[in-house]
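# Topology and contacts: notes
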Amino acid sequence: MSEADSDRLAAWTEAELDLAGRVLEVVRAPDPVLATAGARVDPADPVWVQLAADLVATMRVSPGCVGLAAQQVGIAAQLFCVDVSAHPKARTHHGTFVLCNAEVVEASRNDRAREGCMSVPDFTGDVKRASRLVVTGQLPGTGEQVTVATDAFEARALQHEMDHCQGLLFLDRVAGAHAVHPRQTYL
Amino acid sequence: MTSLYAVTVLGHDRPGIIAAATDGLAGLGLNIEDSTMTLLRGHFAMMLLCSTEGASGPVGPRDIEQALAPLTADGDLDVAVRPVTDEPTPGTGGSSWVLTVHGGDRPGIVSAVVGEVATAGGNITDLTTRLAGDLYLLVAELDLPAGADAAAVEAAIKAAAHGVGVTATLRAAEADDL
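Calculation notes
Residue positions are given per chain, counted from 1 along the sequence in the order it is written. For this description, chains carry letters from A and ligands carry numbers from 1, given in the order in which they are written. For a predicted model such as this one, the threshold for reporting local features is a pLDDT of at least 70, and the threshold for listing and counting side-chain atom pairs is 80 or more; totals across whole chains, interfaces and linings nevertheless cover every residue. Only hydrogens and water are set aside; all other atoms, that is, all heavy atoms of the structure, feed into the side-chain values. UniProt positions are given in the numbering used here, feature names are shortened, and annotations may be inferred rather than shown by experiment. Each helix is a run of H or I in the DSSP string that is no shorter than four residues. Each strand is a run of E no shorter than two, and both are numbered from the N terminus. The globule rule used here is 2.2 Å times the number of residues to the 0.38 power, and the radius of gyration it is set against is calculated over C-alpha atoms. The rule is simple: take the accessible area with a 1.4 Å probe, protein chains only, and divide by the maximum for that residue type; under 20% is buried, over 50% is exposed, in between is partly exposed. Only heavy atoms enter the contact rule, under which two residues are in contact if any of them lie within 4.5 Å. Each accessible area is a Shrake-Rupley result for a 1.4 Å probe, and residues are judged covered by the shown protein chains and nothing else. Only four residue types enter the tally: Lys and Arg on the positive side, Asp and Glu on the negative side, with His and both chain ends excluded. A single reference atom marks each charge: NZ on Lys, CZ on Arg, CG on Asp, CD on Glu. Note that domain bounds follow an automatic or database assignment of domains. Within this scheme a cavity is a closed region of a 1 Å grid, computed over the protein atoms alone, that accommodates a 1.4 Å probe without allowing it to escape, whereas a pocket is open but has protein on both sides within 12 Å along at least five of seven lines; lining residues each have an atom within 4 Å of a point. Grid points are joined across faces, edges and corners, and a volume is the space filled by probe spheres set on the points.

Per an unreviewed UniProt entry, chain B is named ACT domain-containing protein, and its organism is Nocardioides bizhenqiangii.

An unreviewed UniProt entry lists chain A under the name Peptide deformylase, with Nocardioides bizhenqiangii given as the organism. What the UniProt record of chain A gives under Catalytic activity (unreviewed entry) is the line "N-terminal N-formyl-L-methionyl-[peptide] + H2O = N-terminal L-methionyl-[peptide] + formate". UniProt's Function (unreviewed entry) comment on chain A is quoted here verbatim: "Removes the formyl group from the N-terminal Met of newly synthesized proteins. Requires at least a dipeptide for an efficient rate of reaction. N-terminal L-methionine is a prerequisite for activity but the enzyme has broad specificity at other positions."

## Considerations on the overall build of chain A
For chain A, the count of helices and strands is 3 helices and 6 strands. Compactness check: chain A gives a C-alpha radius of gyration of 15 Å against a globular reference of 16 Å for 187 residues, within 12% of the reference. Taken along its principal axes, the extent of the C-alpha atoms in chain A is 45 × 35 × 30 Å. Evaluated residue by residue, chain A yields a buried proportion of 55% over its 187 residues. Within chain A, counting contacts between residues at least 6 apart in sequence, those at least 24 apart form 71% of the total. Of the roughly 8,000 Å² that chain A leaves accessible, carbon and sulfur atoms contribute 50%. Of note, chain A has its 16 positive side-chain charges centred 9 Å away from the centre of its 24 negative side-chain charges.

## What to know about the UniProt feature "active site" (unreviewed entry) in chain A
Residues and elements named next belong to chain A. Residues annotated in UniProt with the feature "active site" (unreviewed entry) correspond here to Glu161. Mapped onto the elements of the fold, Glu161 is located in helix α3 (residues 152-165). With residues near it in sequence (within four places) discarded, Glu161 still touches Gly67, Leu68, Ala69, Gln72, Phe80, Cys81 and Val82.

## Description of the domain arrangement of chain B
Once the domains are mapped, chain B shows domain 1 (4-84) and domain 2 (95-172). Inter-centroid distance (C-alpha atoms) of domain 1 of chain B to domain 2 of chain B is 32 Å.

## Some points on unusual backbone geometry
All names here are of chain A. Geometrically, the link from Ala29 to Pro30 is a cis peptide bond, its omega value of 15° lying close to zero. Among the structural elements, Pro30 can be located in the loop between α1 (3-11) and α2 (46-61). The backbone of Arg109 sits at a positive phi, close to 55°, despite the residue not being glycine. For Arg109, the location among the structural elements is in strand β3 (residues 97-117). Assessed through its relative accessible area of 55%, Arg109 is described here as exposed. The phi dihedral of Ala152 is positive, around 45°, even though this residue is not glycine.

## A closer look at the layout of surface pockets
Each pocket or cavity is described by its volume, and for the second largest pocket that value is around 660 Å³. Around the second largest pocket, the lining is made up of 24 residues, and of these Thr38, Leu39, Leu40, Thr128 and Arg130 of chain B lie nearest the centre. Of all the secondary-structure elements, those providing two or more residues to the lining of the second largest pocket are β4 (120-138) and β6 (180-182) of chain A together with β2 (31-40), β3 (43-51) and β6 (123-132) of chain B. At 7 residues, β6 of chain B tops the list of elements feeding residues into the lining of the second largest pocket.

Now the structure itself:
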């Protein structure tokens, strides 16, 4: 990974897409699309550029939402947005960004924490994830390949969204039979 | 000789059930060795294993039922007491797994999926199922016997889950040795 990649990602905003994002309906389990692995996308294709803007717009209006994957708006594709910059658990963060066809390069230092999901509103679960993460992916529009290192909550958010892109929910990764909990508070 | 009893308390939930039950057991000098309690859609469910070790005199099932009679006085709780033998589950030498199943609710999901576990000689050691709206969720911890083909078991489970319209994930249970 390079510092230039990290700076590039941090500098990215949805303004680069140069189109208005639409607020889409977030689908909930058991919608089968949430269990469907996404196809790779062409990051320069206008369809996916529009979806990138839509995901950011939908994330922005959803209270507490720090990431949204294509599956969550009903489309099985490898595309997601993240923004953990306002979250108290975030350490390293890169602001708002969208990645296409993201893949994990390195993952280490597992941590267990409780996760929720807009698509599974009634449960939370204890999930072990890498807290040091290197991910590579493409930016929508330009298709630039970026490889970025992150940690803590942004690493968790990235893994959660990348799981969505593979048709997996946090429920598929809970630590055991007593690791799923009814949600106590709704944002 | 130490005796072991399984005490089951089932019924309508209200504050103070555990306090009353354990107070009754403590009054007999019983020692609680293991317990589990949960709420199932607002219904209280608890099982305790308690031994007579430390009791001041002989204690039988009727003594325990009498000690817990205040719990059942309102008629909305049932208490059952039965003697059990102390049989810790021996280690199987196999492997431990976590199974997650989720999807649209319908009858037959649990039986279809856990049937494949049983066919493989697997033993479920913990199980939680939950229903929220249309979403049915099952999370189980299970042991597979030594030499079991985990990939084949996973494939069979996934096929059974697909047959009832849900998805399944089988992952090795992780234990951190510190």
